[in-house]
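What follows is each chain in one-letter form.
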Amino acid sequence: MGISRLQVAFWSVVILCSGLAAAGRPDGGYHLLKKYELGAAPGGKEYWDYITFDAPTRRLYISHNTEVKVVDADSGAIVGSVPDLKRVHGIVVMNDLGRGFISDGGADEVVVFDLKTLKPTGHIKTGGNPDCIIYDPASKHIFAMNGKTNDASVIDPGTLAVVATIPIGGRPEYAVPDGHGTIYDNVEDKNEVVAIDSKTNTVTSHWPIAPAEEATAIDLDVEHHRLFIGGRNKVLAIMSVDTGKVVQNFPIGAGVDTNIFEPATGLLFVATREGTLHVYHEDSPDKFTVVETVKTEFGARNMALDPKTHQLFIDTADFTPAPEPTTEQSHPQPTPVSGTFRLLVYGH
């Protein structure tokens, strides 16, 4: 049966008015594709945090206790490592400068390293326990969020100097820039998000994130002005940055640490420590729907996305059972087993 011009016009309007990258709701089907063993952390104590995927070189920079493990994203081969750190959190890669930047929370500094040799080349003193580290293209500065001193160190990546320190008013966590001069940062102990003007280096807004609490993970749909905030109280909050209001929320697993929004598909991915990967679709800026919840592995809470293959990289390890509670430790946690650190690759 033929399609009339009226029908063509109708569907053209529907597609245009949606304003979303994905025309239809994906069916899901994410599952484990590959698993790569990454070896023991130096010193034998397993700890990991952020993963950075660098698209131009197709390398993964993986936080691994006192080193940054560098892995080929296509083969899983270990390219090398940046050694002799104290406690690694995040990594920023700047290919135009040939430099990488590591937030070393154990040393209260940002470590600069050469992208070719992977050798440390500089040390920049920051506030206490720098955790999240991001590059802001609007100001062309690096921002290190300092969890112990409740502030952010602003670094010029060319001169390697701290050019400003921004009081946050609470413990800053994961942050995300919009590319136009605003950075949004979770303030974990205040149950709020702050907006930072990256040109004046000042906090311009404080927004409550209820019903989410103790937020760690965050990402942004730049086009539709929506923040995705992962709370450790097992709530995902979706917020309008135009109003600072939460427009939708979902239950999630315990121990969230990474949210990633993919504009090309309209998919939002949320990874939690209990071993759940939540996948949502942006039907409209104010309406997200559940696509699927994928069972991963315990501890698989840190994640990166390859926009070319749409694959997700998530790391974890084996864990010993949690010990019995004591008076000194009423909520003991399972402990990762040395030498079992690995990278999981999920996709269709």
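Up top you'll find the structure we're talking about.
Note that this is a predicted model, so its numbers are computed, not measured.

On to the sheet that holds strand S3 (residues 59-64). Ordered in space as S2-S3-S4-S5, the 4 strands form an open sheet in which the pairing is antiparallel. Bordering the open sheet on either side are strand S2 (51-54) and strand S5 (78-82), each of which pairs with just one other strand. Adjacent strand axes in the sheet meet at a mean angle of 20 degrees, parallel and antiparallel pairs treated alike.

Let's shift gears to the layout of surface pockets. Any empty space left between atoms is shown by rolling a water-sized probe over those atoms. Computed from the structure, the largest pocket encloses a volume of approximately 1,200 Å³. When residues of the lining of the largest pocket are traced back to their parent elements, those giving at least two are S2, strand S6 (88-94), strand S10 (130-136), strand S14 (172-177), strand S18 (215-221), strand S22 (256-262) and strand S26 (302-306). Here the residues of the lining of the largest pocket sort into 28 nonpolar, 7 polar and 6 charged. Of the volumes computed, that of the second largest pocket is approximately 630 Å³. Tyr-47, Trp-48, Arg-87, Arg-273 and Arg-301 are, among the 25 residues lining the second largest pocket, the residues nearest its centre. Where the lining of the second largest pocket is concerned, the elements lending two or more residues are S14 and strand S29 (335-336).

A few words on the side chain of Ser-153. Mapping Ser-153 onto the fold places it in strand S12 (residues 151-156). There is a polar contact of 3.3 Å between the side chain of Ser-153 and the backbone nitrogen of Gly-127.

Below, the discussion takes up the nonpolar core. Grouped together as the largest cluster of nonpolar side chains are 32 residues, with contacts concentrated most on Met-145, Tyr-184, Ile-218, Leu-227 and Ile-229. Take this core: its biggest share by element is 4 residues, from strand S16 (residues 192-197). Not counting residues within four places of it along the chain, the set of residues in contact with Met-145 comprises Asn-129, Pro-130, Asp-131, Cys-132, Asp-151, Ala-152, Pro-172, Glu-173, Ala-175, Ile-183, Asp-185 and Ile-196.

The subject of this paragraph is the sheet that holds strand S19 (residues 226-231). Taking strand neighbours across the sheet as the criterion, the 4 strands line up as S18-S19-S20-S21 in an open arrangement whose pairing is antiparallel. If you trace the sheet from one side to the other, it starts and ends with S18 and strand S21 (245-251), each paired once. Across the sheet, the mean angle separating the axes of adjacent strands is 20 degrees when strand polarity is ignored. Across 6 bridges, strand S20 (residues 235-240) lies against S21 in antiparallel orientation. Each bridged residue has a counterpart across the sheet, and for Ser-240 the counterpart in S21 is Lys-245.

This part takes up the packing of aromatic side chains. Under the criterion given, the structure shown has 11 aromatic pairs. Pairing Trp-48 with Phe-341 gives two aromatic rings, centres 5.3 Å apart and planes at 35 degrees, and the pair type is tilted. With Trp-48 in the loop between strand S1 (31-37) and S2 and Phe-341 in the loop between S29 and strand S30 (342-347), the pair connects residues that are 293 residues apart, well separated along the chain. Ring geometry for Tyr-50 against Tyr-174: centres 4.9 Å apart, planes inclined by 75 degrees, an arrangement best described as edge-to-face. Within this pair, whereas Tyr-50 is found in the loop between S1 and S2, its partner Tyr-174 is found in strand S14, the two being separated by 124 residues in sequence. Each member of the pair Tyr-50 and Tyr-174 is classed as buried. An aromatic cluster is defined as three or more aromatic residues linked by ring pairs; in this entry it consists of Trp-48, Phe-298, Phe-319 and Phe-341.

Along the chain, the position of Asp-315 falls in strand S27 (residues 311-316). For the buried Asp-315, no salt bridge is present, and the opposite-charge side chain at shortest range is Arg-301, 7.5 Å distant. Non-local contacts of Asp-315, meaning those with residues more than four positions away in its chain, are made with Trp-48, Ile-51, Ile-62, Gly-299, Ala-300, Arg-301, Asn-302, Phe-341, Arg-342 and Leu-343.

Reading guide: rules and limits
- Residue numbers restart at each chain and count upward from 1, following the sequence in its written direction.
- Where totals are concerned, whole chains, interfaces and linings use all residues; where local detail is concerned, this predicted model gives features only for residues with pLDDT of at least 70, and gives and counts side-chain atom pairs only at 80 or more.
- As a rule here, side-chain values cover all heavy atoms of the structure and leave hydrogens and water aside.
- Only when DSSP finds a minimum of two bridges between them are two strands counted as paired.
- For the purposes of this entry, the term helix denotes a DSSP run of H or I that reaches at least four residues, the term strand denotes a run of E that reaches at least two, and both are numbered from the N terminus.
- Where helices are involved, their axes are fitted lines through C-alpha atoms of the stretch in contact, as for all axes, and angles between N-to-C directions lie from 0 to 180°.
- Whether a set of points on the 1 Å grid over the protein atoms alone is a cavity depends on a 1.4 Å probe fitting there but being unable to get out, while an open set qualifies as a pocket with protein on both sides within 12 Å along at least five of seven lines; lining residues are those with an atom within 4 Å of a point.
- Grid points are joined across faces, edges and corners, and a volume is the space filled by probe spheres set on the points.
- Amino acid classes used here: Ala, Val, Leu, Ile, Met, Phe, Trp, Tyr, Cys and Pro are nonpolar; Asp, Glu, Lys and Arg are charged; the rest, including Gly, are polar.
- Polar contacts, as used here, are pairs of N or O atoms within 3.5 Å; protein pairs need one atom able to donate a hydrogen and one able to accept it. Residues neighboring in sequence count only if both atoms are side-chain atoms.
- In this text, buried Ala, Val, Leu, Ile, Met, Phe, Trp, Tyr and Cys residues form a nonpolar core when linked through side-chain atoms within 4.5 Å.
- For each residue, the accessible area found with a 1.4 Å probe, counting protein chains only, is set against the maximum for its type, and the residue is called buried under 20%, exposed over 50%, and partly exposed in between.
- Contacts between residues were defined by any pair of non-hydrogen atoms, one from each residue, lying within 4.5 Å.
- Any Phe, Tyr or Trp ring, taking Trp's six-membered ring, that has another such ring centre within 6.5 Å forms a pair; planes under 30 degrees apart are called stacked, those over 60 apart edge-to-face, and the others tilted.
- A positive count includes Lys and Arg, and a negative count includes Asp and Glu. His and the chain ends are not counted in either.
- What makes a salt bridge here is a side-chain nitrogen of Lys or Arg within 4 Å of a carboxyl oxygen of Asp or Glu, nothing more.

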